[in-house]
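An overview of the molecular structure
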Amino acid sequence: MSMGGPSEHPALLSLLLAMAISFLCSAIPIDDIRNRLLVKEKKMQLGGQLVLRKQEMMANEKLMSLKEAEITDAMKTQKFPPSMHFFQAKKLIEESQVFSILKKMPKGAALHVHDFSILSGDWLVKNVTHRPHCHFCVTPRGTMQFKFAHPTPPTPKPTECSEWILLEKYRQQLQNVTDFEDRMLKNFTLMTENPEVVYANQDVVWSKFESIFFSISGLVHYAPVFKDYIFQGLQEFYQDNVFYLELRAMLFPVYELDGTVHSREWSVKTYKKVAYEFAKTHPGFVGIKIIYTDHRVKDVPLIAQSVKVAMELRAQFPKMVVGFDLVGREDTGRTLRDYQEALLIPTLQGMKLPYFFHAGETDWQGTSTDTNLLDALVLNSTRIGHGFALSKHPAVMEYFRKKDIPIEVCPISNQVLKLVSDLRNHPAAALMANGHPMVISSDDPGIFGSKGLSYDFYEAFMGIGGMKADLRTLKQLAINSIKYSALPHTDKMDFMQAWEEHWNNFIADLSERL
């Protein structure tokens, strides 16, 4: 019995040819479907609806060429800054050509920053601690505390701090002042060469983080330093092409050398005055607003009192005080639900007090902390601070998107405080790919060793956004910072117009220079 002779070959060849033709024909619609999906995803991502002008397209091609080169090289060397701890990646970021471009980019506004962590710790060491009448002591935990006084501050309890020492006199006795100041700087920043070893878990890093505010409080709450700190902080952001800030501020008492203590009202007036003086010599600077805050470890009656204070300050300074927030570590603090009675006071009194709640700054799912996002929704929060856990709450995420309520993404903060180690895995990556409303901010740049917004923009652009994020993404983030600010509508329009001029100049320079 024959197994197949020559007469059967034409039939076999015809069958194979028919199969090949069928495959080739079907390949065309498959590619078409694939391309349509890619185009659809491109339009869905943050900034995907923006249409770039010809000059912007040229600038984008050059920017993306540099970005692709950096990522391609990182894939070979396995040294990609967003996948590394910021303390170890900082020098690599500063060598990046993409970063040099982002520093020049007009970024609009910083909407999530805290009052006394916006300025580099170097300034406190090299300027403030060299001022007359500055004293220091050391707590039992080994942290430094400072106080300006003449002749000396009141003697502290031995259980609280050592005897006060005049810094000026102490420096004269030192053989190595530089070494002492380096050690002092470690009290003002989380920076360290081995962050994974030094900060083994969130408890450790948060303990050091909150101790820094305790250490610098005696310096920054001294009236002359208070004024200078605000000015220098604005200067650092302005140099980074940020023209407007919304500060979370607890408005602690500010003191004079003679012991006089100023009120919260004095502090708000001082913020306003310093911003006004700053604007005189810094063209394009828009100003600052205050989001009054209190710490979420306090009991309900105390937070109720703070809510009332926020209402009073907003009534007295409607152009400066724009709302209220609760700060501090969410995982160990009280929840928004715990404070519901206090937070409903404005509504029950028929008054409007905008909220800007920190919510979802946690890795845990299904806990009482995690549900802060739900209560932030119920309490009509204007924006969401961090919103790190938002992707685990699809119904809340859909609501925020529908109502156009943005999250304030702070990449470096989330990494340094150990919510995520590799920023490519930040939950905002999925939100950015889906065009969810968001802004990029820097939270506490002075404590994290960064400056302004550029470092966080780099991490977001290169790591969170990946290769899909381009000039459209950057432009949308800058626009969002103005759109979602607490500025009145007319001021937003003026700010947007001024920003567009800065943006056009940036694009012209970028397209010609590269």
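Preceding this paragraph is the structure being described.
As a starting point, this report considers the structure included with it. (Residues numbered from 1 in each chain as written. Predicted model: local features only at pLDDT ≥ 70, side-chain atom pairs only at ≥ 80, totals over all residues. Heavy atoms only, no water.)

1. Thoughts on the overall build of the protein
Counting its secondary structure elements, the protein contains 22 helices and 13 strands. Here the C-alpha coordinates of the protein stretch approximately 115 × 60 × 50 Å along the principal axes. Out of the 514 residues belonging to the protein, those deemed buried represent 52%. Of the contacts formed within the protein by residues at least 6 apart in sequence, a portion of 78% connects residues at least 24 apart. Accessible area for the protein stands at about 24,400 Å²; split by element, carbon and sulfur atoms hold 56% of it. (Helix = DSSP H or I, 4+ residues; strand = E, 2+ residues; numbered from the N terminus. Buried < 20%, exposed > 50% of the residue type's maximum accessible area, 1.4 Å probe, protein only. Contact = heavy atoms within 4.5 Å. Areas by Shrake-Rupley, 256 points an atom, 1.4 Å probe, with all protein chains shown as cover.)

2. A look at empty space enclosed by the protein
Unfilled space is identified by rolling a water-sized probe across the atoms. A full pass over the atoms with the stated rule returns 3 cavities of 30 Å³ or more. By volume, the largest cavity amounts to about 60 Å³. Phe116, Ser117, Leu119, Ser120, Gly121, Leu124, Phe188, Ile212, Ile216, Tyr229, Gly446 and Ile447 are the residues that line the largest cavity. Of all elements in the fold, only α5 (121-126), α9 (202-220) and α19 (445-448) reach the threshold of two or more residues within the lining of the largest cavity. Grouping the amino acids of the lining of the largest cavity by side-chain chemistry returns 8 nonpolar, 4 polar and no charged. Every residue along the wall of the second largest cavity is listed here: Gln202, Trp206, Arg329, Asp331, Glu361, Leu417 and Leu419. (1 Å grid on protein atoms, 1.4 Å probe; cavity = no way out; pocket = protein on both sides within 12 Å on 5 of 7 lines; lining within 4 Å. Points joined across faces, edges and corners; volume = space filled by probe spheres on them. Nonpolar A, V, L, I, M, F, W, Y, C, P; charged D, E, K, R; others polar.)

3. Focus on the state of the cysteines
Enumeration over the complete set of coordinates arrives at 1 disulfide. Residue pairing for Cys137: its cysteine sulfur links by disulfide to Cys161, the two sulfurs lying 1.9 Å apart. Because the sign of the S-S torsion sets the handedness, a value of about 100 degrees for the bond joining Cys137 and Cys161 places this disulfide among the right-handed ones. Of the two residues, Cys137 is situated in strand β2 (residues 134-138) and Cys161 in the loop between β3 (144-148) and β4 (165-166); the sequence distance between them amounts to 24 residues. Relative accessible area serves as the criterion here: at 5%, Cys161 is assigned to the buried category. Free of any disulfide, Cys134 has its nearest neighbouring cysteine sulfur in Cys137, separated by 11 Å. Take Cys134: its relative accessible area is 1%, and that puts it in the buried class. (Disulfide = S-S within 2.5 Å.)

4. Here we look at α9
In a regular helix each residue adds 1.5 Å, so 19 residues correspond to 27 Å; α9 covers 26 Å between its end C-alpha atoms and thus fits that length. Considered for burial, the residues of α9 that qualify are Gln202, Val205, Trp206, Phe209, Ser211, Ile212, Ser215, Ile216, Gly218, Leu219 and Val220. (Expected span 1.5 Å × (residues − 1).)

5. Notes on the sheet that holds strand β1 (residues 108-114)
With parallel pairing, the 4 strands of this open sheet are ordered in space as β1-β5-β8-β9. Pairing within the sheet leaves two strands with one partner each, and these edge strands are β1 and β9 (321-327). Within the sheet, the average angular offset between the axes of one strand and its neighbour, ignoring direction, is 25 degrees. In this sheet, strand β8 (residues 287-295) lies alongside strand β5 (residues 242-249) in parallel orientation, the contact comprising 6 bridges. When the sheet's bridge partners are listed, Leu247 is paired in β8 with Ile290. Where helix α11 (residues 264-281) meets the sheet, its contacts fall on β5, β8 and β9, and the angle it forms with β8 comes to roughly 155 degrees. (Pairing = 2+ DSSP bridges. Axes fitted to C-alpha atoms, helices over the stretch in contact; angles between N-to-C directions.)

6. Comments concerning the pattern of salt bridges
Taken as a whole and assessed by the stated rule, the structure comprises 21 salt bridges. Note that Glu41 and Lys468 form a salt bridge whose closest N and O atoms lie 2.7 Å from each other. Of this pair, Glu41 sits in helix α1 (residues 9-44) while Lys468 sits in the loop between α20 (454-464) and α21 (471-483); the two residues are 427 residues apart in sequence, bridging distant segments of the chain. Among the residues examined, Lys468 registers a relative accessible area of 44% and is labelled partly exposed. A network of salt bridges, in which partner residues are shared, links Glu246, Arg248, Asp325, Arg383 and Glu408. (Salt bridge = Lys/Arg side-chain N within 4 Å of Asp/Glu carboxyl O.)

7. Describing the nonpolar core
In this structure, Phe146, Leu190, Tyr271, Val307, Phe324, Leu343 and Met438 are the most contacted members of the largest nonpolar core, which totals 144 residues. Counting residues per element, this core draws most heavily on helix α10 (residues 223-239), at 8 residues. With residues near it in sequence (within four places) discarded, Leu343 still touches Val307, Phe324, Leu326, Leu336, Tyr355, Phe357 and Leu379. (Core = buried A, V, L, I, M, F, W, Y, C linked by side-chain atoms within 4.5 Å.)

8. A short note on the pairing of β1
Burial analysis of β1 places 7 of its 7 residues in the buried class, which makes it a mostly covered element. As judged from the 5 bridges shared by β1 and β5, these two strands associate in the parallel manner. Paired with Ala109 across the strands is Tyr244, a residue of β5.

9. So, the side chain of Asp443
If you trace the backbone, Asp443 turns up in the loop between β13 (438-440) and α19. At a separation of 3.1 Å, a polar atom in the side chain of Asp443 contacts the side chain of His114. Engagement of the side chain of Asp443 in a polar contact is seen with the side chain of His386, the distance being 3.5 Å. With near-sequence residues (within four places) excluded, Asp443 lies in contact with His112, Val113, His114, Ser117, His386, Cys410, Ser413 and Phe448. (Polar contact = N/O pair within 3.5 Å; in protein donor to acceptor, adjacent residues only side chain to side chain.)

10. As for unusual backbone geometry
A cis geometry characterises the amide bond from His150 onward to Pro151, with omega recorded as 10 degrees. The topology assignment puts Pro151 in the loop between β3 and β4. The backbone of Asn380 sits at a positive phi, close to 60 degrees, despite the residue not being glycine. Checked against the element boundaries, Asn380 lands in the loop between α15 (372-378) and β11 (384-386). By relative accessible area, Asn380 is classed as exposed at 55%. Within the chain, His386 stands out as a residue other than glycine whose phi angle is a positive 75 degrees. Locating His386 in the fold gives a position in strand β11.

11. Here's the deal with the sheet that holds β13
With parallel pairing, the 4 strands of this open sheet are ordered in space as β10-β11-β12-β13. Edge strands, defined here as strands with exactly one partner in the open sheet, are β10 (358-359) and β13. Direction of pairing for strand β12 (residues 407-409) relative to β13: parallel, over a ladder of 3 bridges. By the bridge assignment, Glu408 is partnered in β13 with Val439.

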